[in-house]
Amino acid sequence: MTATNNSNKVNQTDPDVIDLGKLLGMLIDGRWTIIITTAIFAAIAVFYAITATPVYKADALIQVEDKKGGMPGLSELGDMFASDSSGATEIELIKSRNILGKAVDDLNLTIKAEPKVWPIIGKYLERRKQVPSFAADSASTDSAEQARVIRVAKLEVPSVLLSQPLQLIYQGNNQFQLYHDDILILSGRTHELLKSGDGSVSILVTDISGVAGSEFTITKIPRIAAIRNLLTNLSISELGKQSGMLSLALEGTNRQLTLATLNSVAKHYVMQNVQRTSAQAQQSLDFLKKQLPELKQKLNASEDALNDYRLANHSVDLSLETQSMLQQMVDLESRISELAFSEADIARRFTPEHPNYIAFKRKQKELLEERDRLADQTHALPETQQEVLRLTRDVEVNQQIYLALLNNVQELNVAKAGTVGNVRLIDTAELAEFPVKPKKPLIAVLGTMLGGMLSVAFVLLRAAFNRGVTNPEELEEIGLNVYASIPYSESFAKRFKASKRKNAKPQSLLLAHYDPTDLAIEAIRSLRTSLHFAMMDATNNVIMLSGPSPEIGKSFVSANLATSLAQSGQKVLIVDGDLRKGYMQKLFGLTWDDGLSDLLCGDLTLEKVIKKTEVEGLDFISRGQVPPNPAELLMHKNFTEFMETVSKQYDIVLIDTPPILAVTDPGIVGKHAGTNLLVTRFGVNPIKQIEVTARRFEQSGVEIKGVIFNGVIKTAAGRGDEYGYYSYEYK
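Below, the structure is looked at part by part. Everything quoted here is computed from the prediction, not taken from an experiment.

It is worth spelling out the overall build of the chain at this point. Helix and strand content of the chain: 26 helices and 20 strands. Counting the 731 residues in the chain, one finds 42% classified as buried. On the chain, roughly 39,800 Å² of surface is accessible, and the fraction owed to carbon and sulfur atoms is 53%.

Structural data, given as C-alpha cells:
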C-alpha cells in the first residue's frame, strides 16, 4: 500500500462528525489544568471581592407637579401663564452645571484628601482600622490613633498644580508640612489658613489624625472635572411614564459624603424651581419699586402747586358740579395709568396682531377719548375754577396711582413669599443598609465560571492545534510499520530531571538497569523480539536509530534497547553517532571525550575509544570532540572500516544518530546499517513531518524498516493505548 493511498484513507473520516466521547476525554486529560486555572480565578475573584472598596448608594424621591404659575397682584390683565415641566426636561435640569456645581461648591468636592496607602490592598487595610470621632475627647484609643483621617476645608493652587497630587506629612500635635515633588511648599497647624511664600498656594486643614509621619495625598481638581465625576455617579429616572416622580440615586465610597451630596443636589434643585416660579413676580416688583420714587415726587409737586394757588386766590372752593367732573377725571386718569403700567407686560407677552393686544389698545384709546371729552367740558368753567380743577385733579390722580402701586408692591411681596414652585422633595436622601458594590457572591461565582470556561477553551484549543501523532494507526496508514509503542516513563523523567540539578548526586539513568520492570522496558523487550525477526534478511548486524526532530527520546530508546539486548546474552556495542550534540554518555555515567570523532580523525585507536558500561556485555563509544565537519568524517573510509570491524566483533552494533531533518548525518550512516529504525514521539511529531522524514531517507537511498512510537501517554480521549502496555502489568 502506498503512502498516497493511505493518506486518502485517512481523509475518508467525516470532518463534520463530532466525537463527544473524544471531547470528554480531552477535558478529563486536561482536568488538572482546568481545576488549577479555575481555582486561581476563583481565588482572584474572592480576593478582589474582599479587598475592593465598598460602594454605597443613597436615593431620594422628588415629585414634579403640573402647575400653572403667573403674576398675581397686578390687575385683571395679568392672566395666569401655563407652564408644563416634563420629566425628561426636569431630569436634564438636575444634571445641569447650575445645580451640580452648587453641590460641588457646598461640599468642596474639588478637594480630594486621602491617606497614602499601598497598592491593591492598602485601602482594605486602612478600612480595617478604627476611625476616630473628631467630636470625641482628645484622649483616643491606640487603635484610633493609628487611623489616618484628614479634612481640608479650603485649598487654592495655581492652574499648573490642578490635578497634581500634593503630599501632606503629619508631624504630630496638629502640625503638618505640605510638599510637591519633595519640595516643601508650606508648614503650619490645623484650623489656620496657611499660605505659601509667594501666596500661590493656600490651605485650611480643619481636622487631622494619625501617628506622626503619616502621609496624605491632597489634590485640587478643576471644578468642571468635579461636576463630571458627580454626574457620572448620579442616576436619575422617572418612576412610570409621565408620573412626575423622579428617583435620584448617587453612588460613592464615602457614606456620609454620598448622603450629603445627594441631599445638596435635591435641595438646590428645589430652590431653583421656587426661584424660577417667582421670577415673573420679582421682575414686576423691581419695576414698581423703580416707579414709586418718581410718583412720590409728582404727588408732592402737585400738592404744593394746589396749596400755593389756593393761598394766592384765598382758598377757592369747587362747586358740586365741578367736584363731580373732578371725580370722573380722577377715575379716568387712574385707569389710564394702570393701563400704562400694564402695557410693557402686555407687549412682552403678545404680538401687536394678537387679539388680546388689540383689545388692550382699543380700551386704552376709549379711555383717552373720554378724558379728552371731559377736558372739553372744563373749558366752560371760570378760569379760577378750571385751574383749581386741574391742580386738584393732578393731586387726586397722583395720590390714587401712588396708593395703587403701594398696594401692588405689597401684594407682589406676599405672592413672592408664598411661592412654593411645582417641585416637592418627597423623600430626603437615605443610604442603603449594605454596600451595593462589590457584589461578593456574584463576583466569586462569575470569577469561577470565567476561569472554568477559559481553562476548558484552552484545553480544547490546545488539543485542536496539537497536530502530533497520537495513534500508531496513523503511521501504519502512511506505509510505516510500528515495531513498538513505548509508554512514557515517569520514573526515568523524574531521575533525569533530578540529574540536571546543581550538586546532584550521580546515579544510573539506564532504566532497563535500575528498574527493569517498568512498562517502558517491557515495551523495549517486545521491540527486541520484533528486531530478531526483522534482522533475518538484513545485510549486517548494524542498527541505526534516527528521528525527524530533537527531544523525542532517541537516546533513551537506543540506550535501553542496547541494555535489553545485552541482558539477553548478546555482545552489544552502542555508538553515539551524534557528533554535534550527543549526550548519551550521561545515561551511562561516562564522559564524552575519547570518542567516535577522535577515532575517525585517526587520533585514537578502536581499543582506546571503547568504554565498558555497568551492564555486562554492553560497550559504549561516545561522540568525542565536536568536529568542524561531522558529515565529512562520516563519509570518510575510516568510518566504513570502523563499521566493518565492529560488525565482526559484536553481535549487535547500535548507532544513535541526530535528526534527519536537521542534518544529513543519518542518511550517511544509514547506508552502512542493515536495519534502520525511525523514532517518533507521541503528540510531538505531526504526520506530515514523519512523511517528509521518510521521503528524505528514501532520497538518500536508505530504507526505513519501521517506526518506534515513543513516549505514549494513556489518555481519557482514547488515544495512545492501542499498542501500549497499560492494560496489563506483571510484577
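Let's pick the thread back up.
Here the amide bond leading from Lys437 into Pro438 is cis, since omega sits at -10°, within 30 degrees of zero. Position of Pro438 among the secondary structure elements: in the loop between strand S12 (423-431) and helix H14 (440-465). At Ser163, a residue that is not glycine, the phi angle is positive and equals roughly 65°. Among the residues examined, Ser163 registers a relative accessible area of 42% and is labelled partly exposed. Phi angles above zero are rare outside glycine, and Glu551 is one such case at about 60°. Owing to a relative accessible area of 73%, Glu551 belongs among the exposed residues under this scheme.

Moving on to the sheet that holds S12. If you trace the 4 strands from one edge of the open sheet to the other, you get S10-S11-S1-S12, paired in antiparallel fashion. Unpaired on one side and paired on the other, strand S10 (234-238) and S12 mark the two borders of the sheet. Ignoring which end each strand starts from, the neighbouring axes of this sheet average 15° apart. Strand direction decides the pairing type here: S10 and strand S11 (residues 245-252), joined by 5 bridges, are antiparallel. Across the sheet, Leu234 pairs through a bridge with Leu250, a residue of S11.

One can describe the packing of helix H5 (residues 97-107) onto helix H8 (residues 223-233) by two numbers: an axis separation of 9 Å at closest approach and a directional angle of 105°. In terms of orientation, H5 and H8 fall into the roughly perpendicular class. Between H5 and H8, the residues in contact are Arg97, Leu100, Gly101, Lys102, Ala103, Val104 and Asp105 and Arg223, Ile224, Ala226, Ile227, Leu230 and Leu231, respectively. Residue classes in the contact of H5 with H8 are distributed as 8 nonpolar, 1 polar and 4 charged.

Considered for burial, the residues of helix H4 (residues 87-94) that qualify are Gly87, Glu90, Ile91 and Ile94. Seen along its axis, H4 keeps its buried residues to an arc of 105°; they face one direction. In H4, the exposed residues that point more than 90 degrees away from the buried face are Ala88 and Glu92.

Let's shift gears to a positive patch on the surface. On the surface, a cluster of positive charge is made up of Lys112, Lys123, Arg127 and Lys440. Structurally, Lys123 is set in helix H6 (residues 122-128).

Turning our eyes to something else, we now look at the sheet that holds strand S2 (residues 111-115). Whether parallel or antiparallel, the strands of a sheet pair through hydrogen bonds between backbone atoms. Across the sheet, 5 strands lie side by side as S2-S9-S4-S5-S6; this open sheet has antiparallel pairing. Where the open sheet ends on each side, the last strands, each with one partner, are S2 and strand S6 (183-189). Sheet twist, expressed as the average angle between the axes of neighbouring strands with direction ignored, equals 25°.

This part is about the pairing of S6. Relative to S6, strand S5 (residues 175-180) runs antiparallel, the two sharing 6 bridges. By the bridge assignment for S6, Gln177 is matched with Ser187. In this antiparallel pair of consecutive strands, S5 and S6, the connection spans 2 residues, and Asp181 shows a positive phi of 55°.

Okay, the environment of Gly87 next. By secondary structure assignment, the location of Gly87 is in helix H4. As for Gly87 and Gln63, which are separated by 24 residues in sequence, their C-alpha atoms are 9.7 Å apart. Residues contacting Gly87, with those up to four places away along its chain left out, are Glu238 and Leu246.

Moving on, we come to the side chain of Asp518. Residue position: Asp518 is located in the loop between helix H17 (511-514) and helix H18 (519-534). A polar atom in the side chain of Asp518 sits 3.4 Å from the side chain of Ser489. At 2.9 Å, the side chain of Asp518 and the backbone nitrogen of Ala520 are in polar contact. Every residue in contact with Asp518, bar those within four places of it in the chain, is listed here: Ser489, Ser491 and Leu511.

Between helix H3 (residues 31-51) and H14, the shortest axis-to-axis distance is 8 Å and the interhelical angle comes to 155°. If you check the angle between H3 and H14, you find them roughly antiparallel. Our pair here, H3 against H14, has a crossing hand that is right-handed. Among the residues making up the contact of H3 with H14, the classes are represented as 14 nonpolar, 8 polar and 2 charged.

The next point concerns the packing of aromatic side chains. Tallying each qualifying case throughout the model produces 6 aromatic pairs. Taking the centre distance of 6.2 Å and the plane angle of 40° together, the rings of Phe639 and Phe642 count as tilted. Here Phe642 and Phe639 lie together in helix H24 (residues 637-649), a separation of 3 residues that amounts to about one turn. The exposure classification of Phe639 matches that of Phe642, with both residues buried.

What counts, and where the lines are drawn
- Residues take numbers from 1 onward in each chain, read along the sequence in its written order.
- In view of the model being predicted, local features appear only for residues whose pLDDT reaches at least 70, and side-chain atom pairs are presented and counted only at 80 or more, with totals across whole chains, interfaces and linings using the full set of residues.
- For the side-chain quantities, the full set of heavy atoms in the structure was used; hydrogens and water were omitted.
- Secondary structure elements follow DSSP: runs of H or I no shorter than four residues count as helices, runs of E no shorter than two count as strands, and numbering proceeds from the N terminus.
- Exposure classes here rest on a 1.4 Å probe applied to the protein chains alone. A residue is buried below 20% of its type maximum, exposed above 50%, and partly exposed in between.
- Throughout, the Shrake-Rupley method with a 1.4 Å probe supplies accessible areas, and for residues the shown protein chains are the sole cover considered.
- Any two strands between which DSSP finds at least two bridges are classified as paired.
- Geometry is summarised by axes, namely lines fitted to C-alpha atoms with helices restricted to the contacting stretch, and by angles between N-to-C directions that run from 0 to 180 degrees.
- Oblique is the label for any angle not under 35 degrees, not over 145, and not in the 65 to 115 range, which are roughly parallel, roughly antiparallel and roughly perpendicular in turn.
- Whether two residues are in contact is decided by their heavy atoms, any of which lying within 4.5 Å being enough.
- Here the term charged refers only to Asp, Glu, Lys and Arg, the term nonpolar to Ala, Val, Leu, Ile, Met, Phe, Trp, Tyr, Cys and Pro, and the term polar to all other amino acids, Gly among them.
- Within this analysis, the arc is defined by the directions that extend from the helix axis to the C-beta atoms.
- Within the patch definition used here, like charges are joined within 9 Å and nonpolar side chains (Val, Leu, Ile, Met, Phe, Trp, Tyr) within 5 Å, considering only residues with over 30% relative accessible area and no salt bridge.
- Salt bridge, as applied in this entry: a Lys or Arg side-chain nitrogen positioned within 4 Å of an Asp or Glu carboxyl oxygen.
- Counted as positive: Lys and Arg. Counted as negative: Asp and Glu, with His and the chain ends omitted from the count.
- A single reference atom marks each charge: NZ on Lys, CZ on Arg, CG on Asp, CD on Glu.
- In protein, a polar contact means a hydrogen-donor-capable atom and an acceptor-capable atom, both N or O and within 3.5 Å, with residues adjacent in sequence counting only if both atoms are side-chain atoms; elsewhere, any N or O pair within 3.5 Å suffices.
- Helix crossings get a hand from a simple test, with the near helix turned counterclockwise from the far one by less than a right angle marking a left-handed crossing and a clockwise turn marking a right-handed one.
- Centres within 6.5 Å are what make two rings of Phe, Tyr or Trp a pair, Trp counting through its six-membered ring; a difference in plane orientation under 30 degrees is then read as stacked, over 60 as edge-to-face, and the rest as tilted.

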